[in-house]
Amino acid sequence: MKTLKVGIASYEDMKARTMAIARGELRSKASDPKVWFTSPESFAKLLSNRNRALLAQIADTHPSSLHELAVSTGRTPGNLSRTLKTMERYGLVRLKKGEHGRLRPEVPYREVQLEMTLS
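Every chain begins its residue count from 1, and numbering advances along the sequence as written. It should be noted that, the model being predicted, local features are given only for residues of pLDDT at least 70 and side-chain atom pairs only at 80 or more, the latter also being counted only at that level, while totals for whole chains, interfaces and linings use all residues. Excluding hydrogens and water, the side-chain values take into account all heavy atoms of the structure.

S.K.: Tell me about the layout of surface pockets, residues and numbers included.
M.R.: We place a 1 Å grid over just the protein atoms. Points where a 1.4 Å probe fits but has no way out form a cavity, open points with protein on both sides within 12 Å along at least 5 of 7 lines form a pocket, and any residue with an atom within 4 Å of a point lines it. Grid points are joined across faces, edges and corners, and a volume is the space filled by probe spheres set on the points. Taken as a whole, the largest pocket encloses approximately 270 Å³ of empty space. Taken together, Phe-43, Leu-47, Arg-52, Leu-55, Ala-56, Ala-59, Leu-92, Val-107, Tyr-109, Arg-110, Glu-111 and Val-112 make up the lining of the largest pocket. Working definition: helices are DSSP H or I runs of at least four residues, strands are E runs of at least two. Numbering for both runs from the N terminus. Those elements that provide at least two residues to the lining of the largest pocket are α3 (49-61) and β5 (111-115). Of the residues forming the lining of the largest pocket, the biggest block, four residues, is contributed by α3. Classes in brief: Ala, Val, Leu, Ile, Met, Phe, Trp, Tyr, Cys and Pro nonpolar; Asp, Glu, Lys and Arg charged; the others, Gly included, polar. For the lining of the largest pocket, the per-class residue count stands at nine nonpolar, no polar and three charged. When its volume is computed, the second largest pocket comes out at roughly 200 Å³. Ile-8, Ala-9, Arg-17, Leu-26, Arg-27, Lys-29, Asp-32, Pro-33, Trp-36, Glu-115, Met-116 and Thr-117 together form the lining of the second largest pocket. By residue class, the composition of the lining of the second largest pocket is six nonpolar, one polar and five charged.

This is the structure in structure tokens:
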């Protein structure tokens, strides 16, 4: 089972970490988060109950197009497309070219693990 590890850090902390890696002062480890959010609220909004249900439906039914997914979920195509493109930016969804050039959503992970320091 593939797990996506995400972290929460301020923009300044993420920038400082990236610069330290670029300067060779810090090495990223395989166990480090691959995706970063700037706040717990932004993480929670993207992985709301409704969006987690959408991810589960994609993983379970393997829709052949966004249209098929829109019909099965009752979401409007525009809303669904925006949501999936946002999820794609964070690595939660892959939008692949399918039959006749249609976009086909895939969920590459079955779990998301959150890493966050409290101070």
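So much for the structure itself; the text now carries on.
S.K.: Residues and numbers for α3, please.
M.R.: Taking 1.5 Å of rise per residue, the 13 residues of α3 would be expected to cover 18 Å, and the 18 Å separating its terminal C-alpha atoms lies within 8% of that figure. Within the span of α3, buried status applies to Asn-51, Leu-54, Leu-55, Ile-58 and Ala-59. Projected onto a plane normal to the axis of α3, the buried residues spread over an arc of 130° and lie on a single side. What points out from α3, more than 90 degrees from its buried face, is the exposed set Asn-49, Arg-50 and Asp-60. Buried residues belonging to α3 abut α2 (40-46), α4 (66-73), α5 (77-89) and β4 (103-106). Note on α3: the residue one or two positions beyond its end, His-62, has a positive phi of about 50°. Helices are assigned an expected span. That span is 1.5 Å times one less than the residue count. Exposed residues in this analysis have more than 50% of their type's maximum accessible area, buried residues have under 20%, and partly exposed residues fall in between, with area computed by a 1.4 Å probe over protein chains only. Throughout, the arc means that of the directions going from the helix axis to the C-beta atoms. The contact criterion used is simple: two residues touch if any of their non-hydrogen atoms lie within 4.5 Å.

S.K.: An account of the packing of α4 against α5 is requested, with residue identities and associated values reported.
M.R.: Note on definitions: angles span 0 to 180 degrees between N-to-C directions of axes, and those axes are lines fitted to C-alpha atoms, for helices only across the stretch in contact. It is the contact of α4 with α5, at a shortest axis distance of 10 Å, that shows an interaxial angle of 115°. One finds that α4 runs roughly perpendicular with respect to α5. For the pair α4 and α5, the sense of crossing is right-handed. Here Leu-66, Leu-69 and Ala-70 of α4 lie close against α5, whose contacting residues are Pro-77, Leu-80 and Leu-84. Angle categories are assigned with fixed cut-offs, so that under 35 degrees is roughly parallel, over 145 is roughly antiparallel, 65 to 115 is roughly perpendicular, and the rest are oblique. In this scheme the crossing of two helices becomes right-handed for a clockwise turn of the near helix relative to the far one and left-handed for an anticlockwise turn of less than a right angle.

S.K.: Got a sec to walk through the environment of Gln-57? Specific residues and values, please.
M.R.: As for its placement among the helices and strands, Gln-57 is situated in helix α3. Owing to a relative accessible area of 23%, Gln-57 belongs among the partly exposed residues under this scheme. Here the alpha-carbon distance between Gln-57 and Leu-69, two residues 12 residues apart in the chain, equals 8.6 Å. For Gln-57, the contacting residues outside a window of four places in its chain are His-62, Leu-69, Ser-72 and Thr-73.

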